[in-house]
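Spelled out, the chains give:
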Amino acid sequence: MSIYYLITFFIGAYLLTYFTIPKIIGLVQYKNLMDNPNIRSSHIKKTPTLGGISFFYTLIFSLFFLKDWAVKEESIYLIPGLTILFIVGLKDDLVVLSPYTKLAAQICAIAFVLSNDSFMIYSLNGFLGIEEIPNYVYYAVAGFMMLTIINAYNLIDGIDGLAAIVGTIILMIYTTIFYITEEFFYVLVCLTLNGSLIAFLSYNLSSKKKIFMGDTGSLIVGFIISVLTLKFLALSPKAYDSLPFLLENVPLIAISILIVPLFDTARVFTIRLANGRSPFSADRNHTHHILIDYFKISHQQASFIIGGFNLIFVLLFIILGSTSYNFYMVVALIFAVIALGYFFYRYDYSFANIKRKILFRRKVSNLKTEVKKGSEKLIKRDKR
């Protein structure tokens, strides 16, 4: 593929998003569709949302020109899913929907993708000794995997820049993988969405023209990332020959690419269930909340730290996956997750716990002060 097409799609998506987001901001402000801060919000003033609208029309517009590279007409199967999630995400940003309504919409969107043979996984290529898998196993596992990725990405959209930075890194990795394997349709999809995310990031990190992507954006980006992950796992064994890791390690490489959203989702769901709450209930127990609340760093710093970790983790696993068999990689992954889980468990807290700690410290401090004053009085009496 000519470099001309790659540059054209990336720059075209960037410019289309960059020059239309101010129009979205103006409309949102005019109609007063702002995101109001609440007790778990990281922002302190009303902020325009619905930035994800720009992702939707940029992708739909680009898919028209991408259709010639879709070997099995994948673009036609993506459009219904994108449209469903766009409508549901838009409504959720305007009128909050229940998690189960969004879940039903996600299942409908995923059904269109799974009906395309291009995403069919016939074998795990020796991962944990598993070769061929039945069709019903594929549909169950692929559907669950896509649901997990969509919701995991949706959940990390909690502070300025994080979702866009992590999404950009994931898309950069998939761009490289699909370019090496000559899956040019997916290369152009990655570049299109990456152009939109980078353009959006300049506004998301701005102090004057700030906008959030909202559920409209996070559901769309999560959906595309889940499609790319499924396609990565569905590549033919011959295609993997050009990649720098062993064939049986592909599922673990996919997990490492998505380590940030998957780890954060697994962590908060576990905490909520352990506390007897719904896994979909809201709180400030996310990894990014702990970083900015406990370590007192800015949103941008936390976002770049988490994004940098994601990139380093993938590179380490690709290096490990080039020589080690999946048993050792599974051990390494489990060890990494346990280590990360312990670290954030160590600094895990809720507002109630913080209040208790503050009150306890105040009581201790007051007690020390009273003891000190009492000692001073006794000393004065003795001197008399």
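Refer to the structure printed above.
Every chain is numbered on its own, with residues counted from 1 as its sequence reads. With pLDDT at 70 or above as the cut-off, local features in this predicted model cover only qualifying residues; side-chain atom pairs require 80 or more to be listed or tallied, and sums for whole chains, interfaces and linings still use all residues. Neither water nor hydrogens contribute to the side-chain values; these are computed over all heavy atoms in the structure.

(A) Structural detail: helix α10 (residues 250-257). Most of α10 sits out of view: seven of its eight residues are buried. Three labels apply to residues, based on accessible area from a 1.4 Å probe with only protein chains included: buried if under 20% of the type maximum, exposed if over 50%, partly exposed otherwise in between. Where helices and strands are cited, they refer to DSSP runs of H or I of at least four residues and of E of at least two residues respectively, numbered from the N terminus. Those residues of α10 that fall on the buried side of the exposure criterion are V250, P251, L252, I253, A254, S256 and I257.

(B) Structural view of empty space enclosed by the protein. In this analysis a 1.4 Å probe is tested at points of a 1 Å grid over the protein atoms alone, and where it fits but cannot get out there is a cavity; an open set with protein on both sides within 12 Å along at least five of seven lines is a pocket; lining residues have an atom within 4 Å of a point. Grid points are joined across faces, edges and corners, and a volume is the space filled by probe spheres set on the points. One pass over the structure, following the stated rule, counts two cavities of 30 Å³ or more. Estimates place the volume of the largest cavity at around 40 Å³. For the largest cavity, the full set of lining residues is S123, L124, N125, L233, Y240, L247, V250 and P251. Counting residues per element, the ones that place at least two in the lining of the largest cavity are β3 (123-127) and α10.

(C) Fine view of unusual backbone geometry. The phi angle at L50 is positive, at roughly 70 degrees, despite the residue not being glycine. Within the secondary structure, L50 is located in the loop between β2 (47-48) and α2 (52-66). A residue is classified by how much of its surface remains accessible, and L50, at 4% relative accessible area, is buried. Although it is not a glycine, E182 adopts a positive phi angle of roughly 65 degrees. Note that E182 resides in the loop between α6 (162-180) and α7 (184-204).

(D) Inspection of the pairing of β3 at higher detail. Burial analysis of β3 places four of its five residues in the buried class, which makes it a mostly covered element. Sheet topology note: the β3/strand β4 (residues 130-132) ladder contains two bridges and is antiparallel. Looking across to β4, one finds that S123 is bridged to E132. A pair of strands counts as paired when DSSP detects no fewer than two bridges linking them. Adjacent in sequence and paired antiparallel, β3 and β4 are bridged by two residues, among which L128 carries a positive phi angle near 55 degrees.

(E) Summary view of the packing of aromatic side chains. Stacked, edge-to-face and tilted labels apply to pairs of Phe, Tyr and Trp rings (six-membered ring for Trp) whose centres lie within 6.5 Å, assigned for plane angles under 30 degrees, over 60, and everything in between, in that order. Counted by the stated rule, this structure contains 21 aromatic pairs. Between F232 and Y240, the ring centres sit 6.2 Å apart and the planes meet at 75 degrees, which makes this aromatic pair edge-to-face. Taking relative accessible area as the criterion, Y240 reaches 3% and is therefore assigned buried. A centroid spacing of 6.3 Å and a plane angle of 85 degrees characterise the contact between F232 and F245, whose relative ring orientation is edge-to-face. Of this pair, F232 sits in helix α8 (residues 214-234) while F245 sits in the loop between α9 (237-240) and α10, and the two are 13 residues apart along the sequence. Linked through ring pairs, F119, Y174, F178, F185, Y186, F232, Y240 and F245 together constitute an aromatic cluster. The ring of F64 has K67 sitting right over it, with the charged end atom 3.8 Å from the ring centre. As a reminder, the over-ring test applies to NZ of lysine and CZ of arginine, requiring each to be within 6 Å of the ring centre and within 35 degrees of the ring normal.

(F) Fine view of a nonpolar patch on the surface. Judged by side-chain polarity, I3, I7, I11, L15 and F19 come together as a nonpolar surface patch covering roughly 480 Å² of accessible area. Here F19 shows up in helix α1 (residues 3-30). The exposure class of F19 is exposed, given its relative accessible area of 55%. Like-charged residues are merged into a patch within 9 Å and nonpolar side chains (Val, Leu, Ile, Met, Phe, Trp, Tyr) within 5 Å, provided each residue has over 30% relative accessible area and no salt bridge. Here the Shrake-Rupley method, with its probe set to 1.4 Å, supplies the accessible areas, and only the displayed protein chains count as covering residues. Counted as salt bridges are all cases of a side-chain nitrogen of Lys or Arg within 4 Å of a carboxyl oxygen of Asp or Glu.

(G) Fine view of the side chain of N151. In this fold, N151 is placed in helix α5 (residues 135-155). For N151, a relative accessible area of 18% translates into the label buried. By the criterion applied in these results, polar contacts are pairs of N or O atoms within 3.5 Å in which, for protein atoms, one can donate a hydrogen and the other can accept it, and in which residues neighboring in sequence qualify only through two side-chain atoms. At a separation of 2.8 Å, a polar atom in the side chain of N151 contacts the main-chain carbonyl oxygen of L147. It only takes one pair of heavy atoms within 4.5 Å for two residues to be counted as in contact. Sequence-distant contacts of N151, that is, excluding residues within four places in its chain, are made with L103 and Q106.

Worth remembering: the numbers are spatial, not functional.
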